[in-house]
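Here's the letter readout for the chains.
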Amino acid sequence: MALTPTRDLMDAAAAAGTGQGAFNVIHLETVEALIAGAEAAGLPVILQISENCAKYHGGLEPVALATLAAARKATVPVAVHLDHAEDEALACQAVDLGFGSIMYDGAHFEYEQNVEVTARVAAYAHDRGVYIEAELGKVGGKDGAHAPGVLTDPLEAAAFVAATGVDALAVAVGSSHAMTERSAALNLERIAALKAALEVPLVLHGSSGVSDENIVAAIAAGMTKINVSTHLNGFFTRGVREYLDANPSVVDSRKYLSAGRDALVPEVARLLQLFATATILSPLEA
C-alpha cells in the first residue's frame, strides 16, 4: 500500500489487459481528492505532476514533496509520476526526489534528437531504478489539434523504443490535449498495430476528450496507461463555482476549495473502476 513504484502498477495492468488511471495534480486539494477517489474505489492510482504544474508552484520540489507525503499515507497503492517534462534537468530532478516514474517529452525534436536525449534521460532514470515514459508522434492539442497524419508509426515506434530503452510509450492515435468535450475519435486499428509492434505498455494522453466507450475500446485494443486532467478539472471547478454561487459572502478559501475537492472524488473513483474493468458501468454500479 501507500507510495508504490509505477512499474508495479503498470506491469499489473499490462498483464491483466486493463487500464491504469493516471491523473494530474494541480495543487494539494487535487492530490487529496485523487487519493480519496482511489481509496473509495479500492484501486491504485498514478498521480502526475506536469512541468507546467511545477512552474505554477515556483519549482518542482514544493509540490512534489507534498504529493509524495500524501501518497505515503494512502491506504491504496499510489505512484507519483512526472508528466510532460521537456526540460531534461527537471526530469532528472524528479528522479532524485523519489518519483516512481518520469515522462520525458522530446516529441518537439526531430526524430534523431528525440532518440538521443530520451536515451540519455532513460539511462539516468534506469540507473536509479525509475520507470520512464516517452512520446513519439506528437499528440494533438495546443499547437495543432487533429492535424492530418498525426499518428504514431508502429515500425518507427519499435525502433524508437529499442534505441532509447524506455519502459512505456505515449502514442498519437487521435486524442488531443485540453479538450472540454469528449468527442475525439481514436484510431483503434492503429492502437492494435502499435500494441503488436511493441513490448512496452502504450499510454493514451489527451483522454479527457475521449468518451467512456472509446476508452474501453482503446484498452481492449492495447492501451494501458490512461491520462486524464482537463475532464477532472471540470468537476473541481464546478464544485467551487456551485459553492460560491450558493455562498456569495464566503471569504475562507478552504470552504470552497473543499467543495471542489469533494466534487472530484466520485468521478475519480468511477474512472478508475472503468479503466480497471474495461467495462461500461451503470450509474448504480459505478
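Residues numbered from 1 in each chain as written. Predicted model: local features only at pLDDT ≥ 70, side-chain atom pairs only at ≥ 80, totals over all residues. Heavy atoms only, no water.

1. Quick word on the overall build of the chain
Reasoning step 1: Secondary structure assignment for the chain yields 11 helices and eight strands.
Reasoning step 2: Taking the intrachain contacts of the chain between residues at least 6 apart in sequence as the baseline, contacts between residues at least 24 apart amount to 72%. (Helix = DSSP H or I, 4+ residues; strand = E, 2+ residues; numbered from the N terminus. Contact = heavy atoms within 4.5 Å.)

2. Topic: the pairing of strand β8 (residues 223-228)
Reasoning step 1: With six of six residues buried, β8 is to be regarded as a mostly interior element.
Reasoning step 2: Across four bridges, strand β1 (residues 20-24) lies against β8 in parallel orientation. Bridging from a neighbouring strand, Phe23 pairs with Val228 of β8.
Reasoning step 3: Alignment of strand β7 (residues 202-204) against β8, held across three bridges, turns out to be parallel. If you follow Val203 over to β8, its bridge partner there is Lys225. (Buried < 20%, exposed > 50% of the residue type's maximum accessible area, 1.4 Å probe, protein only. Pairing = 2+ DSSP bridges.)

3. Some details on the nonpolar core
Reasoning step 1: Phe23, Leu60 and Leu169 are the most contacted members of the largest nonpolar core, which totals 76 residues.
Reasoning step 2: Ranked by the residues each element gives to this core, the list is headed by helix α11 (residues 253-277), at eight residues.
Reasoning step 3: Excluding residues within four positions of it along the chain, Phe23 makes contact with Leu34, Val45, Ile46, Leu47, Gln48, Ile226, Val228, Leu232, Val268, Leu271, Leu272 and Phe275. (Core = buried A, V, L, I, M, F, W, Y, C linked by side-chain atoms within 4.5 Å.)

4. Looking at the pairing of strand β4 (residues 101-104)
Reasoning step 1: On β4, burial covers both faces: Ser101 and Met103 on one face and Ile102 and Tyr104 on the other are all buried.
Reasoning step 2: Direction of pairing for strand β3 (residues 78-85) relative to β4: parallel, over a ladder of three bridges. Bridging across to β4, His81 finds its partner in Ser101.
Reasoning step 3: Each parallel crossover has a hand, and the one from β3 via helix α5 (residues 88-97) to β4 is right-handed.
Reasoning step 4: Of the pairings in the sheet, the one linking β4 to strand β5 (residues 131-136) comprises four bridges and is parallel in character. Within the sheet, the bridge partner assigned to Tyr104 lies in β5 and is Ala134.
Reasoning step 5: A crossover connection joins β4 to the parallel β5 through helix α6 (residues 111-127); in handedness this β-α-β unit is right-handed. (Right-handed = clockwise from strand over helix to strand, strands pointing away.)

5. Examining the packing of aromatic side chains
Remark: the centre distance and the inter-plane angle together describe each pair of aromatic rings, the angle taken between the planes.
Reasoning step 1: Across all of its chains, the model carries two aromatic pairs by this definition.
Reasoning step 2: Here the aromatic rings of Phe23 and Phe275 are separated by 6.3 Å at their centres, their planes lie at 55 degrees, and the arrangement is tilted. Of this pair, Phe23 sits in strand β1 while Phe275 is found in helix α11, placing the two residues 252 residues apart along the sequence. The residues Phe23 and Phe275 share a single accessibility class, namely buried.
Reasoning step 3: Lying across the ring of Tyr124, Arg128 places its NZ or CZ 3.5 Å from the centre.
Reasoning step 4: The ring of Phe235 has Arg238 sitting right over it, with the charged end atom 4.8 Å from the ring centre. (Phe/Tyr/Trp six-rings, centres within 6.5 Å; stacked < 30°, edge-to-face > 60°. Lys NZ or Arg CZ within 6 Å of the ring centre and 35° of its normal.)

6. Description of the sheet that holds strand β2 (residues 45-50)
Reasoning step 1: Strand order in the closed barrel made by the eight strands is β1-β2-β3-β4-β5-β6-β7-β8, with parallel pairing throughout. Recorded for the sheet is a direction-independent mean angle of 25 degrees between the axes of neighbouring strands.
Reasoning step 2: Bridging between strand β6 (residues 168-171) and β7 involves two bridges; their strand directions are parallel. Its bridge partner lying in β7, Leu169 is registered against Leu202. (Axes fitted to C-alpha atoms, helices over the stretch in contact; angles between N-to-C directions.)

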